[in-house]
Structures are given as structure tokens and as C-alpha cells.
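# What the coordinates show
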Amino acid sequence: MSDLLDHATTPSSPPATTPDPWWRQAVVYQVYPRSFADSNGDGTGDLPGITARVPHLVSLGVDAVWLSPFYPSALADGGYDVDDHRDVDPAIGTLEQFDEMVATLHAAGIKVVVDIVPNHSSNRHRWFRDALAAGPGSPERERYVFARGRGEHGELPPSDWTAVFGGPAWEPVGDGEWYLHTFAPEQPDWNWDHPEVHEDFLTTLRFWADRGVDGFRVDVAHALVKDMSSPLPTAAELAADDLPDGAHRFWDRDEVHEVYRAWRAVFDEYDPPRTAVAEAWVATHRRARYASPEGLGQAFNFDLLRSDFDAASFRRVVEENLRLAAESGTSSTWVLSNHDVVRHVSRYGLPDGMDEAARARWLLSGGTDPAPDLERGARRARAATAFLLALPGSAYLYQGEELGLPEVADLDAAVLQDPTWLRSGHVDKGRDGCRVPLPWTAEGPSHGFGPGPSHLPQPSWFAAHAADVQDRDPRSTLSAYREALAWRRRLRTGEELVFEDAPEGVVRFRRPGGWTCVTNFTTRAVPLPPGRVVLSSGAPADELGGELPGETTVWLLPAD
Ligand code: GLC
């Protein structure tokens, strides 16, 4: 047994040597700034709020934070409608406060990743306002995707395409021209055939890298480049199942990788090179191109997030993604929750087999039909998280999951902010239920989120999940996350993983140094494999009595 494991009975604070580069096996914590911590009581989270909560991130043991957009924005899409990519929204802070936050995080040994939104700007962006003012045929319009409408006076949209949030993907501007918005109408798409758009994003990347930012999360990285040549296909033609790879007019076109090769050159101007992770909702076999070292270097893998809590599915996802990551010379990423999906405690408490549409119907019922089993959801969520944290590669955690927060599924329609609600014709309530400001304390205004209210209402049951309550409880989800992250840090070595035989419904794999992770996905107990349990997602190790209970993960060191 290695020295590392020999005396390993409790997690120690000094980190093991992190393999270079830092991001390959990092634990990255996603902060959704408007809902993390509010320092001034205006109801919106802000940068000083994040700085003040760095001790929480330190005690959790994360390696990096990724900040969702904090740029000036009218919040038509939670900040993903960016007015100016090189500034901070006054409601969130100032550039000086950004620098202070980065310095505090860096002093604590935590890297900083910011969100870059390159598919679209907001309709308040200076270049978009210039485009509207300059009129049809002007060079200003060339930076966006404008097209003349059909019909004698351009009164019909150039095509019947629909936007991701619902409704038409084209918006008229009153002079016969329409602009393309893949998302909300307030998010006009850039024209990536335009050299000034390229240049402007290189400037933005350098702007943040020069301020000490360590990496970038690239929003809808599989969009950007579009083929707008005539005739435009119909929506039905675009949705055809037999469309060859790279042939869609606006998703996942091969040319987008030229953009990322240029970005890579900028990242490599820095020492250490800046990193990036692509948000690319593409078929698994197309992901490697985004993750390649000549491109962004890493890509989100949402396969676990889309799987039921099921042994065969989890194992298949891990095998496939480790193979793909190795083929493209990078490490895999793992995600169970983020700001766009129903929190995984709730997902796992709902019947298996529900897809996104079924979950939207569930949200519409106020989270009552079907009624989730949240105790089970929490148990499975902790087991799945311990499974994920045992994997090689980067783990992405979403703020509040360390508190075991379920989705706030009964938000009143009157308070909803997500454009999905309106654009879907009040069918899809959208993503606000995972964006409710965090409960830091059981008592006090907005449960310690800030000295004032919170921009989305917190339910009273948030008190039981508050960080200060969990901090004192060794069996809380917060304690479980801290313990798992400490052990992960201590055990972190090479990226190899070997599956071992296990009973049906159980997944067991071994990591370098000989430690193993075993997850029982079934509801009945199975015998514990040999070894010393150092981490359990359920009952503490000394209460297991030789058995691995259902829906539980343990990490074992080789027996002495
Ligand atoms: C990404 C973001 C999402 C946003 C969309 C449009 O998917 O994660 O929150 O609405 O891009 O920018």
C-alpha cells in the first residue's frame, strides 16, 4: 500500500500535489452571482457577497469557482443577455470589486472561471443599437444576422424557425428586415463571419485573462457559426433525423472550431495557459472536438445529468466518456446540476424515466404531480455525488447542492423571471426554481442571503437547509460534501479507473493507490466488499455492519 493510503483514516488539510494542469481533476463550484450572497440588501447577489463567502468555499474544499454572467444586463435571460462583455453590472458590483474578489479567491488557492457568451449579445449592446439605427444594408447590420423578410414588404419572417425558449427565432425591426435570435428576442445572434466580431471576443478574453481570470466557461459553444445561405431550410427540414454531422444551419457546425483554435492561441499567450470548458449540447461523439487541446480543452458532459439513477446507465456513461476524453487528450467533466436544470435531489425523488418535457409538466403542477419522494431523492443525490467525486476528471458542482437543496417547484407564476415562461405560452415555468437565493442562516431576513429581501422568494423550508444549521451537524449534506471533497483531494492521483465485478445493480471501480468506490443503485442492502470504509454517503461507516445499504456509495481503502 502506498504511503499516501497507509495512514489515511481522516482527511487531512494539506492538499496532495495536484497534477498539472490544475483543471484536469479540479472540483469547480458554479456561482450564480445574483443568487449567491447579497452584501447591500438590494435583493440581488453581488461580488462583495461572493468575497465575503470565500470561507465557505474554502471549508467546502473546491479548487475553482465558475461565475455565471455578472455583466451589465437587463436580465431578459438571467444575465445571459450581455450589454457589455467587459464590465460588471452596477447591481452586482464594480471592476474594482471584481479584482478584490479574484485576489481573495486566489489568496485562498481557488481559481476563477468566468462565463463568456459568444453566440449573442443583448439588444442593448452598443453594436446592436448602432445596427438598428444604421438601417438595412449598413455595415453595422453586418455584425448581426439580419435578413429581409419574405412577402412583398418583408412582413413575413425569413424562415419558420423557432427559438430555444419558444416562439419565432426572427424578430422584425420595422424596415423589412428581421434579426435572428436563437434564444430570446433580447438576445440577437452575432454574425461570426464578421472579422470585428472575432476581434472583439479576443479582446474580451484578454481583458479578463489580464485581470487574473484562470479560465472561461463558453456558453452554447456549439452555436456561433451559421450558414445563412439561401434558400433557408424549413424548421422541419432542420429537424430531420438524417441530417449529417455538421450540416445543421446553426448548431455544431465544423467551422466553429476555427474560432476556438484562435481562442486557444490567446489562452496560450498566458502562463499558465488559460483554460476553457465548452457548454456544447451535442451528441456524445461530437463532443471531443470542443474538448480537444487545440480547441477549448474541455467540454461539459451532461450524460450523467440526463441519466436515471441506474447502475447500467451510470457505468455506460463513465466508460464512454473516459474513452472519449482519452481519445481527445483531455479529462472528462461530470455534472449533476447547474442553473439550467431541475436540482438533482428533486430529479432523483421523481419517478425514473421522466424527461425534460415531463419535468416541465411537473413544475407546472407546482411540483405536486407526481409528488416527489425527497427523502429518497436526497439519499440518491448524495450517493450519485459521491460516485461522481470518485471519478477521474473535473467535477462541476452547482451552488446549493452542497446544502442538499431540492428544486423550489412551487414558485408563483407572478414572480417568475425566466423568459421560458412567457415564450412557451405559459407551459414551461423554466429555471427559476434552481436559482432561488441560497439560505445561509435559518434565521434573519432572506435566510442570511443578505440584509434585505431576495429577488426570488425563498420557501420557509429553506431554513432547515441553511448552511449554519448544517455546519453544526456532522450528518448533514454539507458535512458529507466537505468530507468527500477532502478525501478526494487526499486520494487524488492518476486518472486511471478499473471496473471490478459487482452484484447486479451495483457499480464498483478501483482507482490508483487501490481505493475503490462502490455504489449500490438498488434498494436492498448488499454485502460490503473488503476494505476500510472512509466515506459513506449514508449511515456512518461504523454503523454499516458489513452491509452496503441501498442507494448508497462508499469509498474503501484497501484493508490493512
Ligand atoms: C446557456 C446558458 C443558459 C442560457 C443560454 C443562452 O445554455 O447556460 O442559462 O439561457 O445559454 O445564453
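Residues numbered from 1 in each chain as written. Predicted model: local features only at pLDDT ≥ 70, side-chain atom pairs only at ≥ 80, totals over all residues. Heavy atoms only, no water.

### A few points about helix α4 (residues 95-107)
With 13 residues, α4 extends 18 Å from end C-alpha to end C-alpha; this agrees with the ideal 18 Å at 1.5 Å per step. Within the span of α4, buried status applies to Leu 95, Phe 98, Met 101, Val 102 and Leu 105. Down the axis of α4, the buried set is contained in an arc of 110°. They therefore lie on one face. Exposed and oriented more than 90 degrees from the buried face of α4 are Glu 96 and Ala 107. Turning to α4, the residues buried within the fold contact α2 (47-52), α3 (54-60), β2 (64-67), β3 (111-116) and α6 (195-210). Two residues or fewer past α4, Gly 109 is found with a positive phi of approximately 80°. (Helix = DSSP H or I, 4+ residues; strand = E, 2+ residues; numbered from the N terminus. Expected span 1.5 Å × (residues − 1). Buried < 20%, exposed > 50% of the residue type's maximum accessible area, 1.4 Å probe, protein only. Arc of directions from axis to C-beta. Contact = heavy atoms within 4.5 Å.)

### Some points on the pairing of strand β1 (residues 27-31)
β1 sits mainly inside the fold: five of its five residues count as buried. Along β1, one buried face is formed by Val 27, Tyr 29 and Val 31 and the opposite face, lined by Val 28 and Gln 30, is buried too. Direction of pairing for β1 relative to strand β10 (residues 394-398): parallel, over a ladder of four bridges. The partner of Gln 30 across the bridge, within β10, is Tyr 398. (Pairing = 2+ DSSP bridges.)

### Thoughts on the site of the ligand
Within the structure, the ligand sits among 14 residues, and Asp 77, Asp 219, Glu 279, His 339 and Asp 340 are positioned closest to it. Between the ligand and His 120, the relevant distance is 3.0 Å, taken from an oxygen atom to a side-chain nitrogen or oxygen of the residue. One of the side-chain nitrogen or oxygen atoms of Arg 431 is found 3.0 Å away from an oxygen atom of the ligand. Bound to the protein, the ligand loses 96% of the 310 Å² it would expose on its own. Taken together, the residues of the shell around the ligand sort by class into four nonpolar, three polar and seven charged. (Near = heavy atom within 4 Å. Polar contact = N/O pair within 3.5 Å; in protein donor to acceptor, adjacent residues only side chain to side chain. Areas by Shrake-Rupley, 256 points an atom, 1.4 Å probe, with all protein chains shown as cover. Nonpolar A, V, L, I, M, F, W, Y, C, P; charged D, E, K, R; others polar.)

### Observations regarding the domain arrangement of the chain
Along its sequence, the chain is carved into domain 1 (27-118 + 196-480), domain 2 (126-180) and domain 3 (496-557). Distance between the C-alpha centres of domain 1 and domain 2: 30 Å. Domain 1 puts 20 residues into the contact, and the matching count from domain 2 is 15 residues. The junction of domain 1 with domain 2 conceals about 1,300 Å² of combined surface from both sides, 68% of it contributed by carbon and sulfur atoms. Applying the counting criterion to the domain 1 and domain 2 interface returns one salt bridge. When the shortest N-O distance is used, the salt bridge between Arg 143 and Glu 196 registers 2.8 Å. Counting across the interface, domain 1 meets domain 2 through three residue pairs in polar contact (both at pLDDT 80 or more). Counting only elements with at least two residues in the side of domain 1 that touches domain 2, the list comes to α6, α7 (235-238) and α14 (419-423). For the side of domain 1 that touches domain 2, a count of residues per class yields nine nonpolar, three polar and eight charged. (Domains from an automatic or database assignment. Buried area = accessible area lost by both parts, 1.4 Å probe. Salt bridge = Lys/Arg side-chain N within 4 Å of Asp/Glu carboxyl O.)

### A look at the nonpolar core
In terms of nonpolar packing, the biggest core is built from 128 residues, with Phe 98, Trp 263 and Trp 555 touching the most fellow members. With seven residues, helix α13 (residues 374-389) is the largest single contributor of residues to this core. The next biggest cluster of nonpolar side chains, apart from the first, holds ten residues, and it includes Ala 147, Trp 161, Ala 163 and Trp 178. (Core = buried A, V, L, I, M, F, W, Y, C linked by side-chain atoms within 4.5 Å.)

### Focus: the sheet that holds strand β7 (residues 215-218)
Read from one edge of the open sheet, seven strands run β8-β7-β3-β2-β1-β10-β9, paired in parallel fashion. Only two strands of the sheet have a single partner each, and these edge strands are β8 (275-278) and β9 (333-335). Pairwise comparison of adjacent strand axes, ignoring direction, gives a mean angle of 25° for this sheet. Across four bridges, the pairing between β7 and β8 is parallel. Directly across from Arg 217, in β8, lies its bridge partner Val 277. Docked against the sheet, α6 engages β3 and β7, running at close to 160° with respect to β3. Across the sheet, helix α17 (residues 477-491) touches β1 and β10, and the angle it forms with β10 is around 165°. (Axes fitted to C-alpha atoms, helices over the stretch in contact; angles between N-to-C directions.)

### Quick notes on the pattern of salt bridges
Taken as a whole and judged by the stated rule, the model has 36 salt bridges. Linking Asp 175 and Arg 141 is a salt bridge whose minimum nitrogen-to-oxygen distance equals 2.8 Å. Placement of the pair is Asp 175 in the loop between β5 (170-172) and β6 (177-180) and Arg 141 in the loop between α5 (126-134) and β4 (146-148), with a sequence separation of 34 residues. Across the pair Arg 249 and Asp 227 runs a salt bridge, and its minimum N-O distance is 3.7 Å.

### Re helix α8 (residues 256-267)
For α8, spanning twelve residues, the distance from its first C-alpha to its last is 17 Å, which sits close to the expected 16 Å at 1.5 Å a residue. Among all positions in α8, only Val 256, His 257, Val 259, Tyr 260, Trp 263, Arg 264, Val 266 and Phe 267 are buried. Relative to the axis of α8, the buried residues are bounded by an arc of 155° and lie together on one face. Its buried side turned inward, α8 meets β3, α6, β7, β8 and α9 (287-291).

### Describing the side chain of Asp 81
Tracing the chain through its elements places Asp 81 in the loop between β2 and α4. Buried charge Asp 81 goes without a salt bridge, the closest partner of opposite sign being Arg 124 at 6.5 Å. There is a polar contact of 2.6 Å between the side chain of Asp 81 and the backbone nitrogen of Ala 76. A distance of 3.0 Å separates a polar atom in the side chain of Asp 81 from the backbone nitrogen of Asp 77. Contact partners of Asp 81, with chain neighbours within four places excluded, come to Pro 72, Ser 73, Ala 74, Leu 75, Ala 76, Ser 122, Glu 186 and Gln 187. (Lys, Arg positive; Asp, Glu negative; His and termini not counted.)

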